[in-house]
Amino acid sequence: MRNKIHREITPLQEDDCFLVFDRKRDLFTFPIHFHPEYEINFIAKAKGARRVVGDHLGETGDKELVMVGPNLYHGWENYKNTGEEMHHEITVQFPRDLFQEHLLQKNILKPIREMLHNANRGILFSEQTTEMAGKRLMQISKKRGFDSYLEFQSLLYDLAISRDQRLLTNISFQKTSDFFNSDRIEKIYNFVRENYNKRIMLEDAAKLLNMSIVSFSRLIKQRTGKSFVDFVNEIRLGYATRMLIETSKSISEICYECGFNNISNFNRTFKRKQNCTPSEFRTNFNGVKNVF
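How each quantity is defined
- Residues numbered from 1 in each chain as written.
- Predicted model: local features only at pLDDT ≥ 70, side-chain atom pairs only at ≥ 80, totals over all residues.
- Heavy atoms only, no water.
- Helix = DSSP H or I, 4+ residues; strand = E, 2+ residues; numbered from the N terminus.
- Buried < 20%, exposed > 50% of the residue type's maximum accessible area, 1.4 Å probe, protein only.
- Contact = heavy atoms within 4.5 Å.
- Areas by Shrake-Rupley, 256 points an atom, 1.4 Å probe, with all protein chains shown as cover.
- Salt bridge = Lys/Arg side-chain N within 4 Å of Asp/Glu carboxyl O.
- Core = buried A, V, L, I, M, F, W, Y, C linked by side-chain atoms within 4.5 Å.
- Phe/Tyr/Trp six-rings, centres within 6.5 Å; stacked < 30°, edge-to-face > 60°.
- Expected span 1.5 Å × (residues − 1).
- Axes fitted to C-alpha atoms, helices over the stretch in contact; angles between N-to-C directions.
- Parallel < 35°, antiparallel > 145°, perpendicular 65-115°, else oblique.
- Nonpolar A, V, L, I, M, F, W, Y, C, P; charged D, E, K, R; others polar.
- pLDDT = per-residue confidence, 0-100.

A. Up close: the overall build of the protein chain. The helix and strand tally for the protein chain stands at 11 helices and 11 strands. Residue burial in the protein chain is summarised as follows: out of 292 residues, 51% are buried. The contacts of the protein chain with a sequence gap of at least 6 include a subset with a gap of at least 24, amounting to 72%. Approximately 14800 Å² of the protein chain is accessible, and the part contributed by carbon and sulfur atoms is 47%.

This is the structure in structure tokens:
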């Protein structure tokens, strides 16, 4: 399956701050691809299309706004969209060095720093934010020079502070830490990643931080919104979905290599997270059109 995922060479040049593509067309298929730039996609009049971001498969509404980070798989296909209505798509691509690291450390840019980090898992913005951003992206696509740059910077900040953002991929799918602002959770995250294919005991994890089981469980819940078991399972699922996409290993092999103790538990946990079984996920992902 990996050979169906393409590395896109974008037209963004070294001296460019960002590029905007404003298109209307009836065909709605963007093969699964990745590239080193950040990308923001606004899509209108494409209800029922299928969205692929990392290991996430979803269905679009009438309008949506998605941001993806560097080298994160993404693509769209018609799926249930009839193509009867011309869809409108605005894509913005910008390089990783648009903001220098020392600049991102400034307090005023903290929301943007966190949004760029979260984009590594793909961000789906709320309907309200999508409506706001769609209008402004249309304006940006018509502006030129420094005015467009200022408006784009302002839009990024407003996206960063917007409410009800949804992260799309599993924690470990993109192989980057999701807890850069918490040393203790970072330590546990790395511990689980190093041992995801083995039996992981709550007691051992708590001992790693010199905490009681009760205090440790409370910390995990407060910082991740999940129990420790769910936290571990989500990391394991990140590895499982990547194997389903990138390898031809059997479901059984993937189950045990990712630390699940039996197929039934693996299927149940997977379906609760992805709303489909591992086999259905592989079939659905493989069914996305990928021909340039």
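Moving on from the coordinates now.
B. Spatial organisation of the environment of F173. Looking at the secondary structure, you find F173 in the loop between β11 (166–167) and α5 (183–195). Between the alpha carbons of F173 and M243 there is a distance of 9.8 Å; along the sequence they are 70 residues apart. With residues up to four places along the chain from it excluded, the contact list for F173 reads G54, D55, L72, Y73, G238, T241, R242 and I245.

C. Here's a closer look at the pattern of salt bridges. The tally for this structure, following the rule as stated, stands at 13 salt bridges. Close ionic contact of E77 with R50 constitutes a salt bridge, the shortest N to O distance being 3.0 Å. In this pair, E77 sits in strand β8 (residues 74–77) while R50 sits in strand β5 (residues 50–53), placing the two residues 27 residues apart along the sequence. On the basis of relative accessible area, E77 is assigned to the buried category, the value being 3%. Here K249 and E257 are joined by a salt bridge, their closest N and O atoms 2.8 Å apart. Residues participating in the shared-partner salt-bridge network are R121, K226, E234 and K273.

D. Spatial organisation of the nonpolar core. Grouped together as the largest cluster of nonpolar side chains are 48 residues, with contacts concentrated most on I188, V192, F216, F228, F231, C258 and F266. The greatest single-element share of this core, amounting to 10 residues, is contributed by helix α8 (residues 228–246). If you look at the next biggest cluster of nonpolar residues, it comprises 28 residues, including M67, V92, A119 and I123.

E. Quick peek at the packing of aromatic side chains. Evaluation of the coordinates by the stated rule reveals 11 aromatic pairs. Where Y38 meets F94, the ring centres are 5.2 Å apart and the plane angle is 10 degrees; that geometry is what we call stacked. Within this pair, whereas Y38 is found in strand β4 (residues 38–44), its partner F94 is found in strand β9 (residues 87–94), the two being separated by 56 residues in sequence. Looking at Y38, the relative accessible area reads 9%, which means it is buried. Through a chain of ring-to-ring contacts, three or more aromatic side chains come together here, namely F18, Y38, F94 and F152.

F. Focus on helix α3 (residues 127–142). Its 16 residues give α3 an end-to-end C-alpha distance of 23 Å, which sits within 8% of 22 Å, the value for a rise of 1.5 Å per residue. Three or more residues of α3 are buried, namely T129, T130, A133, G134, R136, L137, I140 and S141. Tucked inside the fold, the buried residues of α3 contact β2 (19–25), β4, β7 (63–68), β9 and α4 (145–160).

G. Spotlight on the packing of α5 against helix α7 (residues 213–224). For the pair α5 and α7, interaxial distance at closest approach is 11 Å and the crossing angle is 100 degrees. The pairing of α5 with α7 is recorded here as roughly perpendicular in orientation. Between α5, through R184, I185 and I188, and α7, the contact on the second element is made entirely by F216, L219, I220, R223 and T224. Among the residues forming the contact of α5 with α7, the class breakdown is 5 nonpolar, 1 polar and 2 charged.

H. Region of the structure containing the confidence of the model for the protein chain. Here the protein chain shows a mean pLDDT of 85. Residues at 70 or above account for 89%. Contacts from residues 288–292, a stretch scored under 50 in pLDDT, to residues over four places away or in other chains number 14 contacts.

I. Representation of α4 within the structure. For α4, which comprises 16 residues, the first-to-last C-alpha distance of 23 Å matches the rise-based estimate of 22 Å (1.5 Å per residue) to within 8%. When we look at burial in α4, the residues that qualify are S148, E151, F152, Q153, L155, L156, L159 and A160.

J. Examining the packing of α3 against α4 more closely. α4 packs onto α3 with a crossing angle of 170 degrees between their chain directions and a minimal axis gap of 10 Å. Classed by the angle they form, the pair α3 and α4 counts as roughly antiparallel. Every residue of α4 that contacts α3 at T129, M132, A133, R136, L137, Q139 and I140 is listed here: S148, E151, F152, S154, L155, D158 and L159. Here the residues of the contact of α3 with α4 are counted per class, giving 7 nonpolar, 4 polar and 3 charged.

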